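This is what each chain is made of:
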Amino acid sequence: MKIDFPLPTRRRGILRALVIIPLAASALSGCSSVRIDAAGHLGDAGQETAAALAETLFLSDAFVDQAADIDTFVFYYEAGGAVPPVLEAQRKELLDSYKMIHEEFKHRRQVFAELGIAYQHFADLADKGAELETAAAVDRLGSAVNKYAESRGKAAVFSGSAQKALPQLGWLAAAELKKKRIKQASVLIRERLSAFAALLNDPLVKEEILGFQKNLSGLEGDRLQVLWDAGLFDPSPLLDQVGAGTGLQAAVNVGETLRKDKPLSDSLGKVIESRLRRNAEAIEANYHASLKTLEELIREHEALEKDGPLNLAQLISIAEEQRRGSKVLGGHRKEEVK
């Protein structure tokens, strides 16, 4: 599954020019065009950020799928025929855990997808006025947050429509009306970001996400050891990666060599353990980075609403850091995950 996030329609040289965005508060408050332009920049940066937030989830999803496949293989291999009811029950419990984490990924990903669309329309609102489209996008974002809450056993957060919240003050001058609408749209998006961040930061949700995935990494290591002992894996690709920096490649029949030499085999096992540990650490880091990114987005909206200086360079830096951290996770290169 792949979600195509809308690219910013203006760009405004965002990755190159954001260093100039921390404008003085007095400049923002003194000129409506500057504040409107800053809102457009925030809309563009928000789209970039929402896309970065979702990318790592694709990789995490792939990691869980990989672990589930390994578990299925080993379960039936070790059963060797008829499966006792007690093992079937344990198997079902584990499958339910896989389903739970997939559900969390699915609903979190949908929040990020709707967030990207909301920012697209928020940028359009700053450019040319798109209050109806923005309100509809905010409603969809609120609905996605509600579904995430319900998937975690929490009550829905938002009700009603955002369309009534955007001011319809026709007696204001056009520029002032646009500023009023931009500010209210910013408040609506920020409220939904705050609610989602609170859900994601809930101790029970945190333990559900991180606790399961830590256990998953240990379980995957045990399962891989069973398949390795059965002679099903060729270690050549891994050894090729280890020696790639110096141009070295795995020797012919290296698997046989390793199986005859226990210290060598155990040493390679440590490399695999290290990779699995890094996968688990990367998933946990992604979770915390997601929270950090949401908090930074909330701060930018608060600054915009108060005519304060924006620091979108910091926001983009966090998003890019998240992308770099997800280059390789669970054995999947970023460009290979669809």
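Scroll up to find the structure.
Nothing here was measured: the structure is a model prediction, and the numbers come from that model.

Participant: It is not clear to me how the packing of aromatic side chains should be interpreted in this structure. Could you clarify?
Facilitator: For any pair of aromatic rings, geometry is given as the distance between the ring centres together with the angle between the planes. According to the stated counting rule, one finds three aromatic pairs in the structure shown. Ring geometry for Phe75 against Tyr76: centres 4.9 Å apart, planes inclined by 85 degrees, an arrangement best described as edge-to-face. Overall, Phe75 belongs to the buried group, its relative accessible area being 11%. Under the relative-accessibility criterion, Tyr76 is labelled partly exposed at 45%. Between Phe112 and Phe196, the ring centres sit 5.8 Å apart and the planes meet at 90 degrees, which makes this aromatic pair edge-to-face. Separated by 84 residues along the polypeptide, Phe112 in helix α4 (residues 85–127) and Phe196 in helix α6 (residues 174–200) bring together distant segments of the chain. Across this residue pair, the class does not change: Phe112 and Phe196 are buried. Its guanidinium or amino end placed over the ring of Phe158, Arg192 lies 4.2 Å from that ring's centre, counting from NZ or CZ. Here the guanidinium or amino end of Arg259 rests over the ring plane of Trp228, the centre of that ring lying 4.1 Å away.

Participant: Would you mind going over the packing of helix α8 (residues 236–243) against helix α10 (residues 262–305) with me for this structure?
Facilitator: Packed helix pairs are specified by the crossing angle of their axes together with the interaxial distance, meaning the distance between the axes. Interhelical geometry of α8 versus α10 gives an angle of 80 degrees and a closest axis separation of 12 Å. Taken together, the axis directions place α8 and α10 in an arrangement best described as roughly perpendicular. Between α8 and α10, the residues in contact are Leu238, Leu239 and Gln241 and Leu268, Val271, Ile272 and Arg275, respectively. Of the residues contributing to the contact of α8 with α10, the split by class is five nonpolar, one polar and one charged.

Participant: Any chance you could explain the environment of Pro237 here in plain terms?
Facilitator: Examined against the element boundaries, Pro237 turns out to sit in helix α8. Separated by twelve residues in sequence, Pro237 and Gln249 place their C-alpha atoms 8.7 Å apart.

Participant: Please clarify how unusual backbone geometry should be interpreted in this entry.
Facilitator: Peptide bonds are mostly trans, and most non-glycine residues show a negative phi. One non-glycine residue, Asn253, adopts positive backbone phi at about 60 degrees. Along the chain, Asn253 turns up in the loop between α8 and α9 (254–260). Positive phi values are uncommon outside glycine, yet Asp307 reaches one of about 60 degrees. In this structure, Asp307 sits in the loop between α10 and α11 (312–325).

Participant: Where do I start with the pattern of salt bridges in this structure?
Facilitator: Per the stated rule, a full pass over the model turns up twelve salt bridges. In this structure, Lys92 engages Asp96 in a salt bridge whose closest nitrogen and oxygen atoms are separated by 3.1 Å. Taken together, the positions of Lys92 and Asp96, both in helix α4 and four residues apart, correspond to about one turn of that helix. Here Lys92 falls in the exposed class, since its relative accessible area comes to 53%. By relative accessible area, Asp96 is classed as partly exposed at 38%. One salt bridge connects Arg190 with Glu305, and the closest N-O pair in it is separated by 2.9 Å. Remark: Glu305 occurs in helix α10 and Arg190 occurs in helix α6; sequence separation between them is 115 residues. Assessed through its relative accessible area of 19%, Arg190 is described here as buried. You can call Glu305 buried: its relative accessible area is 11%.

Conventions and cut-offs
Residues numbered from 1 in each chain as written. Predicted model: local features only at pLDDT ≥ 70, side-chain atom pairs only at ≥ 80, totals over all residues. Heavy atoms only, no water. Phe/Tyr/Trp six-rings, centres within 6.5 Å; stacked < 30°, edge-to-face > 60°. Buried < 20%, exposed > 50% of the residue type's maximum accessible area, 1.4 Å probe, protein only. Helix = DSSP H or I, 4+ residues; strand = E, 2+ residues; numbered from the N terminus. Lys NZ or Arg CZ within 6 Å of the ring centre and 35° of its normal. Axes fitted to C-alpha atoms, helices over the stretch in contact; angles between N-to-C directions. Parallel < 35°, antiparallel > 145°, perpendicular 65-115°, else oblique. Contact = heavy atoms within 4.5 Å. Nonpolar A, V, L, I, M, F, W, Y, C, P; charged D, E, K, R; others polar. Salt bridge = Lys/Arg side-chain N within 4 Å of Asp/Glu carboxyl O.

On their own, these measurements won't tell you what the molecule is for.
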